Amino acid sequence: MIDMTSYIKTQANLISERLNVLLSENMPTKVSDAMQYSVANGGKRIRPILAIEFSKVCNGNISAALDFGCAVEMIHTYSLIHDDLPCMDNDDMRRGKPSCHIAFGEDNALLAGDALLTEAFGVLASVKNIPDKNIIRAVLYLSSFAGINGMVGGQVLDLQFEECKPIVDEILKMYSLKTCGLIKAACVLGCLTANEYNEDKINAAINYAENLGIAFQIQDDILDIEGDFTSLGKPVGSDEKNDKSTIVKYYGLEKSKELVKEYTDKAIYALENFENTEMLENLAYMLINRKNWLGNKFWKILSF
């Protein structure tokens, strides 16, 4: 049986070391310090890990997958920096530490996020030992899943929902864009490290990521009710306090827990197009059962 704690630790350390190298060439300024500060506070590096694991099941270039995954992680980090700003969610804490704008000021936080977003595409363009066509595809997929038709579009919907009451399908659409966007990007970019472009596997990776992301987000909504700050490293009860529209709010806890299992099962089913998927299956189950890990110090801030 795979020791998931050891596995995540090892992979997260590898990814953090590579991120440090990729960002070390930036000029030493307060903004670059803010970039490093936010990236170093990066959770468990689940997106880069997904990129690496999909590279493995596609017999791809693992070194390329590492850099592709780091690019996705840079964009994820920029989104968190901007999410925490007073004009957005106005959060003072991120994973148990002061948010970037609290530590470095709003101006530097804004620029740090912009710089990470820009740097990510430079990282993609610099990847070697995979077909040039796949690098171009990686840029197209990442820009789509991160932009107005992906993560940013989901954030727009999230803001709109503060002024109206969406129906369930609209909430799921927001989850699909905002939460699943970069998960889909990571999984697809992992597939693109293979020499041959396989559209069936790309679509299967997107299907896995879509269902995994929705399961994760519903579970996150559940933990906002059932969790606590000491275990999670972030405030709980914020959805109710901010009158957020969530699946849990519409369906209640029990039905929502059933949906988490249903979406996870769909994610696992999507892996039938690949071989040796045990790690991807374990990652899916781990993410929806993360409340059970919270007594372990390492898993205290298990986040996407």
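Just so it is clear, the model here is predicted, and its values are computed rather than measured. (Residues numbered from 1 in each chain as written. Predicted model: local features only at pLDDT ≥ 70, side-chain atom pairs only at ≥ 80, totals over all residues. Heavy atoms only, no water.)

### Thoughts on unusual backbone geometry
Okay, so step 1: Non-glycine residue N59 carries a positive phi angle of around 55 degrees.
Okay, so step 2: Within the secondary structure, N59 is located in the loop between α3 (46–57) and α4 (62–83).
Okay, so step 3: Phi is positive for N276, which is not a glycine, with a value near 55 degrees.
Okay, so step 4: Relative to the elements of secondary structure, N276 occurs in the loop between α14 (247–270) and α15 (278–288). (Helix = DSSP H or I, 4+ residues; strand = E, 2+ residues; numbered from the N terminus.)

### A short note on the nonpolar core
Okay, so step 1: L50, F54, Y208 and L283 are the most contacted members of the largest nonpolar core, which has 76 residues in total.
Okay, so step 2: The element that contributes the greatest number of residues to this core is α4, accounting for 11 residues.
Okay, so step 3: Sequence-distant contacts of F54, defined by excluding residues within four places in its chain, comprise C187, G190, C191, A205, Y208, L271, F274 and L280.
Okay, so step 4: Judged by nonpolar contacts, the second largest core, of 19 residues, contains I171, L172, I247 and L259. (Core = buried A, V, L, I, M, F, W, Y, C linked by side-chain atoms within 4.5 Å. Buried < 20%, exposed > 50% of the residue type's maximum accessible area, 1.4 Å probe, protein only. Contact = heavy atoms within 4.5 Å.)

### Considering the pattern of salt bridges
Okay, so step 1: If you walk through the whole model with that rule in mind, you get eight salt bridges.
Okay, so step 2: The partner of E73 in a salt bridge is R45, with the nearest N and O atoms 3.1 Å apart. With E73 in helix α4 and R45 in the loop between α2 (30–40) and α3, this pair connects stretches of sequence that are 28 residues apart.
Okay, so step 3: Assessed through its relative accessible area of 3%, R45 is described here as buried.
Okay, so step 4: K178 is paired through a salt bridge with D158; the nearest N and O atoms lie 2.7 Å apart. A residue pair is termed long-range when its members are at least 10 positions apart, and K178 in helix α9 (residues 168–178) and D158 in helix α8 (residues 151–160) qualify at 20 residues.
Okay, so step 5: Under the relative-accessibility criterion, D158 is labelled buried at 10%. (Salt bridge = Lys/Arg side-chain N within 4 Å of Asp/Glu carboxyl O.)

### Remarks on the layout of surface pockets
Okay, so step 1: Space inside the second largest pocket adds up to approximately 300 Å³.
Okay, so step 2: In terms of lining, the second largest pocket is formed by 16 residues, of which the most central are R18, L22, D67, V123 and S126.
Okay, so step 3: For the lining of the second largest pocket, the secondary structure elements donating two or more residues are α1 (4–23), α4 and α6 (106–126).
Okay, so step 4: Partitioned by chemical class, the residues of the lining of the second largest pocket number six nonpolar, five polar and five charged. (1 Å grid on protein atoms, 1.4 Å probe; cavity = no way out; pocket = protein on both sides within 12 Å on 5 of 7 lines; lining within 4 Å. Points joined across faces, edges and corners; volume = space filled by probe spheres on them. Nonpolar A, V, L, I, M, F, W, Y, C, P; charged D, E, K, R; others polar.)

### Digging into the packing of aromatic side chains
Okay, so step 1: Following the criterion strictly, the structure yields four aromatic pairs and no others.
Okay, so step 2: Both rings, one in Y37 and one in F104, keep their centres 5.2 Å apart while their planes meet at 70 degrees; by these two values the pair is edge-to-face. Taken together, the residues Y37 in helix α2 and F104 in helix α5 (residues 100–104) connect sequence positions 67 residues apart.
Okay, so step 3: For F104, a relative accessible area of 15% gives the class buried. (Phe/Tyr/Trp six-rings, centres within 6.5 Å; stacked < 30°, edge-to-face > 60°.)

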